[in-house]
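Results of the structural survey
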Amino acid sequence: MIPRVDLSEQVLEVMSWHPGFPAAFTSVTGGRARLADLHISVAALLTAHSLNVGLPPVIDPDIPALTRGRLAHVDQHYLRPDTYAAANAVLIDAQADVGLAQAWGGGMVAAVDGVRFVVPVRSIDARPNPKYFARKKGVTWLNMISDQRIGLAGRVVSGAAKDTLHFVDLVFNPDNDRRPEVLITDQGSYSDIVFAIVTLLGFDYRPVLADLPDTKLWRINQGADYAGLDRAARGKINLEKIARHWPDILRIICSIHTRTVSANDVIRMLQRDGRPTQLGDAFAMYGRIFKTLHVLTFVDDPAYRREMKAMRNLNEGRHDLARHIFHGRKGELHRAYRDGQEDQLGALGLVLNAVVLWNTVYLDRALTELRAQGYPVLDSDVARLSAYMRKHINVHGHYSFRLPDLGGTWRPLRDPDHADPDDE
């Protein structure tokens, strides 16, 4: 039932729904933009960057907003990290208002994972990683999504860096004002020190743990009998060590909270030559308390496991959509410097969110239509609908920046009872 559409028109249509989206792209000079049809230029640039096809396919010398000079000017003066974040905040808030997104979740659960991109040009920010890049070098686009399927934040890290060094800064600086309460990550973002920092910052941290059957549990009372868990609970929590360093622990957490220092720098400071300092060991001791509680809950509570698995699946679904959209130049990132990489992947993240919002709105309309026709719409089925569907989206060869005249209404839904030649 979802109408077919060009990616470029999706971006323009979302802009027409929420004027704050294009209005977020202000000039770097701080002055009021006086360019006519600025939203068309911005949509064209977002399309070109997110598809990784460069400017030539979206240039139209007969349309003033799409000339090469206009696009180059807007790209240089209007597209930057703070305008991406401001525009993304509009989309995050808009997604939260859609009934279907509210059925998916309350927006307080988030998952963090990374998408890897090969960088075939010489770049100081690209690193080798045979697991992901074979003999080439690349970067990781670390991003966070909510249970409402929308992307909350993203940043570029080197291809070889552990996610733990950047994950906390990402989750503590989302693009909108609502921070999630529950954080789910893979094992690449986990360490005992990170467990302590994230917990002290007020999050419920739920990382996927590798080799769960061999995971050591930690106890405070060495003489307690934990029956079947007695052998697993072989670690000893030293409360005196935590208490001795508690004032310093709180000072560091306050510094991260007030953004006086980055969590990345703190985590590096708490380790020397791969081993924790005395203060780092105190952090790790504190983190192991909550790691043990996390492991026990994971083993005992099926709903807890299902929520983690569902959020990890959402990460993968969004990554697949990102790769589908970012198809030009074999899906490789050809920006040599971090600023350029951040700009292009920032555009990709913003377009992903525009697609997710568009899909969610039209899925919600389709559900409303089905209910009106008397079809049974089960909550369990609604919960499994994907906002990352893409079969109806054209990303190849045709980029239109003129919306059809719909008379101020929505695009008509397709009739599922009549075959579409494109489905053959």
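Residues numbered from 1 in each chain as written. Predicted model: local features only at pLDDT ≥ 70, side-chain atom pairs only at ≥ 80, totals over all residues. Heavy atoms only, no water.

The chain goes by Transposase in an unreviewed UniProt entry, where it is assigned to Micromonospora sonneratiae.

**What to know about the overall build of the chain**
Within the chain one finds 15 helices and 12 strands. Scaling as 2.2 N^0.38, a compact globule of 424 residues should have a C-alpha radius of gyration of about 22 Å, and the chain matches this with 24 Å. Reported as C-alpha extents along the three principal axes, the dimensions of the chain are approximately 80 × 55 × 40 Å. Out of the 424 residues belonging to the chain, those deemed buried represent 51%. Of all intrachain contacts in the chain linking residues separated by at least 6 positions in sequence, the fraction that spans at least 24 positions is 73%. Of the roughly 20,400 Å² that the chain leaves accessible, carbon and sulfur atoms contribute 51%. Counting 51 positive and 50 negative side-chain charges, the chain places the centres of these two groups 8 Å from one another. (Helix = DSSP H or I, 4+ residues; strand = E, 2+ residues; numbered from the N terminus. Rg over C-alpha atoms; globule rule 2.2 N^0.38 Å. Buried < 20%, exposed > 50% of the residue type's maximum accessible area, 1.4 Å probe, protein only. Contact = heavy atoms within 4.5 Å. Areas by Shrake-Rupley, 256 points an atom, 1.4 Å probe, with all protein chains shown as cover. Lys, Arg positive; Asp, Glu negative; His and termini not counted. Charge placed at Lys NZ, Arg CZ, Asp CG, Glu CD.)

**Structural notes on the nonpolar core**
One broad rule of soluble globular proteins: the nonpolar side chains tend to lie buried together. Formed by 126 residues in total, the largest nonpolar core has its most connected members in Leu46, Phe167, Ile197 and Phe283. Sort the elements by how many residues they give to this core and helix H14 (residues 338-372) lands first, with 16 residues. Those residues in contact with Phe283, other than ones at most four positions away along the chain, are Asp192, Ile193, Ala196, Ile197, Leu200, Ile249, Ile252, Ile253 and Leu270. (Core = buried A, V, L, I, M, F, W, Y, C linked by side-chain atoms within 4.5 Å.)

**Considering helix H13 (residues 302-325)**
The end-to-end C-alpha separation of H13 is 35 Å, in line with the 34 Å expected for 24 residues at 1.5 Å each. Taken residue by residue, H13 has Tyr304, Met308, Met311, Arg312, Leu314, Asn315, Gly317, Arg318, His319, Leu321, Ala322 and Ile325 as its buried positions. Of the residues that open H13, the one with a side-chain oxygen 3.0 Å from the backbone nitrogen of Ala303 is Asp301. (Expected span 1.5 Å × (residues − 1). Polar contact = N/O pair within 3.5 Å; in protein donor to acceptor, adjacent residues only side chain to side chain.)

**Overview of the packing of helix H10 (residues 239-257) against helix H12 (residues 278-300)**
One can describe the packing of H10 onto H12 by two numbers: an axis separation of 9 Å at closest approach and a directional angle of 95°. Overall, the two elements H10 and H12 adopt an arrangement that is roughly perpendicular. Residues Lys241, Ile242, His245, Trp246, Asp248, Ile249, Ile252 and Ile253 of H10 form the contact with H12, whose own contacting residues are Gln278, Leu279, Asp281, Ala282, Phe283, Met285, Tyr286 and Ile289. Of the residues that constitute the contact of H10 with H12, the class distribution is 11 nonpolar, two polar and three charged. (Axes fitted to C-alpha atoms, helices over the stretch in contact; angles between N-to-C directions. Parallel < 35°, antiparallel > 145°, perpendicular 65-115°, else oblique. Nonpolar A, V, L, I, M, F, W, Y, C, P; charged D, E, K, R; others polar.)

**What about the side chain of Ser8?**
Topologically, Ser8 is positioned in helix H1 (residues 7-17). Once residues lying within four places of it in the same chain are set aside, the contact partners of Ser8 are Thr47, Tyr399, Ser400 and Phe401.

**Thoughts on unusual backbone geometry**
The phi angle at Ala134 is positive, at roughly 55°, despite the residue not being glycine. Positionally, Ala134 belongs in the loop between helix H7 (130-133) and strand E4 (137-146). Of the residues examined, Ala134 reaches a relative accessible area of 55% and is grouped as exposed.

**A word on the environment of Lys291**
As for its placement among the helices and strands, Lys291 is situated in helix H12. Taking the C-alpha atoms as reference points, Lys291 and Ser191, 100 residues apart in sequence, are found 9.4 Å from one another. When near neighbours in sequence (up to four residues on either side) are disregarded, Lys291 contacts Tyr190, Asp192, Phe195, Thr215, Lys216 and Trp218.

**Observations regarding the packing of helix H3 (residues 38-51) against H14**
For the pair H3 and H14, interaxial distance at closest approach is 8 Å and the crossing angle is 105°. One element, H3, and the other, H14, form an angle in the roughly perpendicular class. Across from Leu46, His49 and Ser50 in H3, the residues of H14 making contact are Gln344, Ala347, Leu348, Leu350 and Val351.

**Remarks on the pairing of strand E2 (residues 109-118)**
Across the 10 residues that make up E2, a large majority, nine, are buried. By the bridge criterion, four bridges tie E2 to strand E6 (residues 182-185) in an arrangement that is parallel. Counted as the bridge partner of Val112 is Thr185 from E6. Two strands pair when backbone bridges link them, and E2 and E4 are joined in this way by nine bridges, in the antiparallel orientation. Across the sheet, residue Ala111 finds its bridge partner in E4, namely Ile145. (Pairing = 2+ DSSP bridges.)

**Here's the deal with the environment of Phe117**
In this structure, Phe117 sits in strand E2. You can call Phe117 buried: its relative accessible area is 3%. For the pair formed by Phe117 and His396, sequence separation is 279 residues and the distance between their alpha carbons is 20 Å. Beyond its immediate stretch of four places on either side in the chain, Phe117 contacts Phe133, Lys137, Gly138, Val139, Trp141, Phe326, Gly331, Leu333, Leu345 and Leu348.

**Description of the packing of aromatic side chains**
Counted under the stated rule, the structure contains 12 aromatic pairs. Ring geometry for Phe21 versus Phe25: centroids 6.4 Å apart, planes at 50°, classification tilted. The interplanar angle of 50° and the centroid separation of 5.2 Å between the aromatic rings of Tyr286 and Phe290 together place this pair among those described as tilted. On the criterion of helical spacing, the pair formed by Tyr286 and Phe290 is a turn pair, its members being four residues apart in helix H12. (Phe/Tyr/Trp six-rings, centres within 6.5 Å; stacked < 30°, edge-to-face > 60°.)

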